[in-house]
Amino acid sequence: MNDASKATHDLAVLTLEFETPGVPDWPVLSIRVNGESPFAKVAKDWQGFDPGKMLGRPSPLIPDDAGHRVALYRCSCGEAGCGVIAPFVVASPDRKRISWVDFRDYVGVFTGPTAPMAADHDGKPWQLPDLHFDYAQYVAEVQRATADRSWETPRRKLARLLDERLTPMNLTLPPDLPLTWVTPAWKAEGVVLSFSGTSQQLLHLNSTQADPAQAAEDITHQLLSTSPHNWTHLYGYHP
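Residues numbered from 1 in each chain as written. Predicted model: local features only at pLDDT ≥ 70, side-chain atom pairs only at ≥ 80, totals over all residues. Heavy atoms only, no water.

Caption draft 1: How the structure looks around the environment of Ala188. One can find Ala188 in the loop between β11 (177-184) and β12 (191-196). Separated by 16 residues in the primary sequence, Ala188 and His204 place their C-alpha atoms 9.2 Å from one another. (Helix = DSSP H or I, 4+ residues; strand = E, 2+ residues; numbered from the N terminus.)

Listed below in structure tokens is the structure:
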């Protein structure tokens, strides 16, 4: 076998799956390499991140020219700050391979899949081998998983559609708190909107519409039909 054939033979195959270890609204992205979990032996019961964070556009799984460090899994408690499995993800110069190298654990650094400040910390090495994937197969699998919304419950779809409507509006809660995220309400129906900056204010809105798209339109109308100065009084949320 020549070197080129051996290199192709040794490339791993990436598969991305959706799992729901707890509440259906909050699934995780499960990673398989050659059909098996690559992390089970070193971090039993650790879990992936929310698909919405791992498969957004652009996905952190797809490296830029310089490559970057990405947390693929997090502590079994669900908090990335307690520990992560974070390799450096980089493409080869000829764009034939994507590699996961130098797997490291970080405490108090990551809150999601990426953390710019990770470059300022050494982290603790994991005893995991470098993994190399065929570029085309890897990217195609990320794109396939990104297009697959089967994990998205109606409540998650409502939050996403509402976020897509409101974010371009650059909404600000007086005096100076911009909209930062939208999520399903944790212990109630409807959605929670976070406005944050020097402080944080949560708003809780709901709709009688069952269809997520219609509910998103309804909630948008509720919010925009009232003055921002009245939002906290009408919709203020204190979990």
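Caption draft 2: Layout of the confidence of the model for the protein. Here the protein shows a mean pLDDT of 93. Residues at 70 or above account for 96%. Per-residue pLDDT stays below 50 along residues 1-7; that stretch engages in 1 contact with residues further than four places along the chain or on separate chains. (pLDDT = per-residue confidence, 0-100. Contact = heavy atoms within 4.5 Å.)

Caption draft 3: Local environment of the nonpolar core. Ranked by internal contacts, the top residues of the largest apolar core, which has 40 residues, are Leu16, Leu61, Leu72, Ile85, Trp100, Phe110 and Tyr138. For this core, the elements supplying multiple residues, two or more each, are β1 (14-19), β2 (28-33), β6 (84-91), β7 (97-105), β9 (131-134) and α3 (135-147). Broken down by element, this core gets its largest block of residues, 5 residues, from β6. What Trp100 contacts, discounting residues up to four positions off in sequence, is Leu14, Ile31, Val33, Phe39, Leu72, Pro87, Phe88, Val89, Asp130, Leu131, Phe133 and Tyr138. Within the second largest apolar cluster, 21 residues are counted, among which are Leu158, Leu161, Ala216 and Ile219. (Core = buried A, V, L, I, M, F, W, Y, C linked by side-chain atoms within 4.5 Å. Buried < 20%, exposed > 50% of the residue type's maximum accessible area, 1.4 Å probe, protein only.)

Caption draft 4: Quick peek at the pairing of β7. Bridge analysis of β6 against β7 gives 5 bridges, and the strand direction is antiparallel. The partner of Val89 across the bridge, within β7, is Trp100. Counting the residues between successive antiparallel strands, the hairpin from β6 to β7 contains 5 residues, one of them, Arg95, with a positive phi of roughly 60°. Looking at chain direction, β7 and β9 are connected through 4 bridges and run antiparallel. Bridging across to β9, Trp100 finds its partner in Leu131. Two elements, β7 and strand β8 (residues 124-125), share 2 bridges in a ladder whose sense is antiparallel. Bridging from a neighbouring strand, Arg104 pairs with Pro125 of β8. (Pairing = 2+ DSSP bridges.)

Caption draft 5: Representation of the sheet that holds β11 within the structure. Taken together, 5 strands build an open sheet; the order of strands is β10-β11-β12-β13-β14 and the sheet is antiparallel. Only two strands of the sheet have a single neighbouring strand rather than two, namely β10 (172-173) and β14 (236-237). Bridging between β12 and strand β13 (residues 200-205) involves 6 bridges; their strand directions are antiparallel. Counted as the bridge partner of Ser194 is Leu202 from β13.

Caption draft 6: Representation of a nonpolar patch on the surface in the model. On the surface, Val23, Trp26, Trp181 and Trp186 cluster together into a nonpolar patch covering about 400 Å² of accessible area. The topology assignment puts Val23 in the loop between β1 and β2. (Patch = residues over 30% accessible without salt bridge, like charges linked within 9 Å, V, L, I, M, F, W, Y side chains within 5 Å. Areas by Shrake-Rupley, 256 points an atom, 1.4 Å probe, with all protein chains shown as cover. Salt bridge = Lys/Arg side-chain N within 4 Å of Asp/Glu carboxyl O.)

Caption draft 7: Just the packing of aromatic side chains, in detail. According to the stated counting rule, one finds 11 aromatic pairs in the structure shown. For the pair Trp186 and Tyr237, a centre-to-centre distance of 6.2 Å together with 20° between the ring planes defines the contact as stacked. On the criterion of sequence distance, the pair formed by Trp186 in the loop between β11 and β12 and Tyr237 in strand β14 is long-range, its members being 51 residues apart. Look at Tyr237 and you get buried, because its relative accessible area is 14%. Every member of this aromatic cluster is reached through a ring pair, and the members are Phe39, Tyr73 and Phe103. (Phe/Tyr/Trp six-rings, centres within 6.5 Å; stacked < 30°, edge-to-face > 60°.)

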